[in-house]
Amino acid sequence: MTMTSSAVAFRLPGMINLHSHAFQRGMAGLTERAGMGEDSFWTWREVMYRFIDRLTPDDVEAIAAMAYVEMLEAGYTRVCEFHYLHHDLDGRPYANLAEMAERIAAAAATTGIGLTLLPVLYSHSGFGGQPPVAGQRRFLNDTDRYLRLREATLAAVKALPGANVGIAPHSLRAVTLDQLHAVSNAVPAGPVHIHIAEQEKEVADCRAWSGRTPVEWLLGTGLVDARWCLIHATHVTPDEVAGMAAAGAVVGLCPITEANLGDGIFPAVPFIGASGRLGVGTDSNVLISLAEELRTLEYGQRLSSRQRTKLAPRGQSVGRTLFDLALAGGRQAAGTAVDADTGTVHLDGAAIELAGRSGDARLDAWVFASARPLVCEVRVGDRRVVDGGRHIGRAAVEARFAAVMTKLCG
Ligand SMILES: [Zn+2]
């Protein structure tokens, strides 16, 4: 699969992965053993907290590099890294506050993926400023230290071509209203990402605390605009769907992870009908596949409605519609220009899965009818990072990742 001739290759703009926790690639597949009780997002989160109990900066850099290699091979050329693992094993900051951010930047430099780094503000364990729990100790900052971390993160990405830094209040569970205002005022431009309404328990807890649902509460602050990317927004009312669309925010959907965690299904049909903007992310990185992310997004809508071709306008290609929506939403969420050069992805136009297909039918075949990624070449800026379907630095990244996995799982 070394197809690089433009006459045969099928060229696409590089896609933006608008939501990733790179380190979680290291625990992919380790949470698929049934628990003794009911398994949910919350029991998965306990496993995740135990996994990070041992992760060093070297481990995080190795795992992130592996995840980024896989993203590039899947057709993602930029990642919005929602980065909350900040501190040392005992919860104390590293001597360099941005140690972990520098490791994420190093993984991006090694692999060549574009980076929007989103340092996360995490201060509390529940609505109304509840004290954090032990498993969260490596995430925690107050507002002042967070703003210092953000400054240090800007320095950490300075040498990376095209990189930028946004802000990410983790969720309404983890920050207070005062903190939301403080960080939005302190950082008046650039992307703002937040997890919201992923789980029904989260919605119920927010209601019990405030009398409102999370999205209703957040929209009521008046803060949300086109800078914002609302990650998941799974459990929303028709009014909230209309409100998010009207605010111009991007909804960040991660259909593979949302299926894996049993989150639920976002009402994408009415949201798109209201001209809502959306993009896709790989979130837990349990499986990194752009085609499957788009396919799962459409299939969720089909399964819940028992109908077909849900996300394209009448007579239009679903594959093309999903790709274009995700690219536009991803660019907005990453804070890049509407027409920004996000790099180039070549699919193997000679692949048997695309035989006889032309135009948008090739995108439909890629998204719905191929078990292979079909990506043969990827360029980011002037750097060719994938050739013949394989990242040019894969061997070294794999060796380092394998050593870390052997250590962590031993
Ligand atoms: Zn997430």
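Residues numbered from 1 in each chain as written. Predicted model: local features only at pLDDT ≥ 70, side-chain atom pairs only at ≥ 80, totals over all residues. Heavy atoms only, no water.

Caption draft 1: Seen up close, the coordination of the zinc ion. For the zinc ion, the full set of protein donor atoms is His-19 (NE2), His-21 (NE2), His-195 (NE2) and Asp-283 (OD), and the range of their distances to it is 2.1 to 2.5 Å. Between the four donor atoms coordinating the zinc ion, the angles at the centre fall across 84 to 172°, so the site counts as irregular. Expressed as a motif, the donor residue spacing for the zinc ion is H-x1-H-x173-H-x87-D. Of this pair, His-19 sits in strand β2 (residues 15–20) while His-195 sits in strand β7 (residues 192–196); the two residues are 176 residues apart in sequence, bridging distant segments of the chain. (Donors = N, O, S within 2.8 Å, 3.2 Å for Na, K, Ca; no water. Tetrahedral: all angles 85-135°; square planar, octahedral: opposite > 155°, others 65-115°. Helix = DSSP H or I, 4+ residues; strand = E, 2+ residues; numbered from the N terminus.)

Caption draft 2: Broad picture of the pattern of salt bridges. Scanning the entire structure with this criterion turns up 20 salt bridges. Arg-150 is paired through a salt bridge with Glu-151; the nearest N and O atoms lie 3.9 Å apart. Of the charged contacts, one joins Lys-201 and Asp-205 as a salt bridge, the two residues approaching to 2.8 Å between their closest N and O atoms. On the criterion of helical spacing, the pair formed by Lys-201 and Asp-205 is a turn pair, its members being four residues apart in helix α6 (residues 200–210). Judged by its relative accessible area of 44%, Lys-201 falls in the partly exposed class. Its relative accessible area of 30% is what places Asp-205 among the partly exposed residues. (Salt bridge = Lys/Arg side-chain N within 4 Å of Asp/Glu carboxyl O. Buried < 20%, exposed > 50% of the residue type's maximum accessible area, 1.4 Å probe, protein only.)

Caption draft 3: Broad picture of the sheet that holds strand β8 (residues 228–232). Spatial ordering of the open sheet is given by β7-β8-β9-β10, a layout of four strands whose pairing is parallel. Edge positions in the sheet fall to β7 and β10 (277–280), since each of these pairs with one other strand and no more. Strand-to-strand twist across the sheet, computed as the mean angle between neighbouring axes with direction ignored, equals 30°. As paired strands, β8 and strand β9 (residues 250–253) are joined by three bridges and run parallel to one another. (Pairing = 2+ DSSP bridges. Axes fitted to C-alpha atoms, helices over the stretch in contact; angles between N-to-C directions.)

Caption draft 4: View of the side chain of Asn-141. Assignment of secondary structure puts Asn-141 in the loop between β4 (114–121) and α4 (143–156). By relative accessible area, which is 4% here, Asn-141 ends up buried. Polar side-chain contacts of Asn-141 include one of 3.2 Å to the side chain of His-87. When residues no more than four places from it in sequence are discounted, the contact partners of Asn-141 are His-86, His-87, Leu-121, Tyr-122, Ser-123, Tyr-146 and Leu-149. (Polar contact = N/O pair within 3.5 Å; in protein donor to acceptor, adjacent residues only side chain to side chain. Contact = heavy atoms within 4.5 Å.)

Caption draft 5: Molecular detail of the packing of α4 against helix α5 (residues 177–186). Following both chains from N to C, one finds α4 and α5 inclined at 30°, their axes separated by 11 Å at the closest point. It follows from the interaxial angle that α4 and α5 lie roughly parallel. Where α4 crosses over α5, the handedness of that crossing is right-handed. For the pair formed by α4 and α5, the contact residues are Thr-143, Tyr-146 and Leu-147 on the first element and Gln-179, Ala-182, Val-183 and Ala-186 on the second. Of the residues contributing to the contact of α4 with α5, the split by class is five nonpolar, two polar and no charged. (Parallel < 35°, antiparallel > 145°, perpendicular 65-115°, else oblique. Left-handed = near helix turned anticlockwise from the far one by under 90°. Nonpolar A, V, L, I, M, F, W, Y, C, P; charged D, E, K, R; others polar.)

Caption draft 6: Up close: the pairing of β8. Of all five residues in β8, five are buried; the element is thus mostly enclosed. Where β7 lies against β8, five bridges are found, and the strand directions are parallel. Residue pairing for β8: Ile-196 is matched across the bridge by His-232. As a crossover connection, the stretch from β8 through helix α8 (residues 238–247) into β9 is right-handed. (Right-handed = clockwise from strand over helix to strand, strands pointing away.)

Caption draft 7: Broad picture of helix α12 (residues 318–334). If you check α12, its first and last C-alpha atoms are 24 Å apart, about what 17 residues at 1.5 Å a residue would give, namely 24 Å. For α12, a buried count of 13 out of 17 residues is recorded, marking the element as mostly surrounded by other parts of the structure. You can read the cap of α12 off the contacts: a side-chain oxygen lies 3.4 Å from the backbone nitrogen of Gly-319, and it is on Ser-317. Immediately beyond the C-terminal end of α12, within one or two residues, lies Gly-335, with a positive phi of roughly 75°. (Expected span 1.5 Å × (residues − 1).)

Caption draft 8: Looking closely at the pairing of β7. Among the five residues of β7, five are classified as buried, and the element is accordingly described as predominantly covered. A two-sided burial pattern is seen for β7, the buried positions comprising Val-192, Ile-194 and Ile-196 on one face and His-193 and His-195 on the other.

Worth remembering: the numbers are spatial, not functional.
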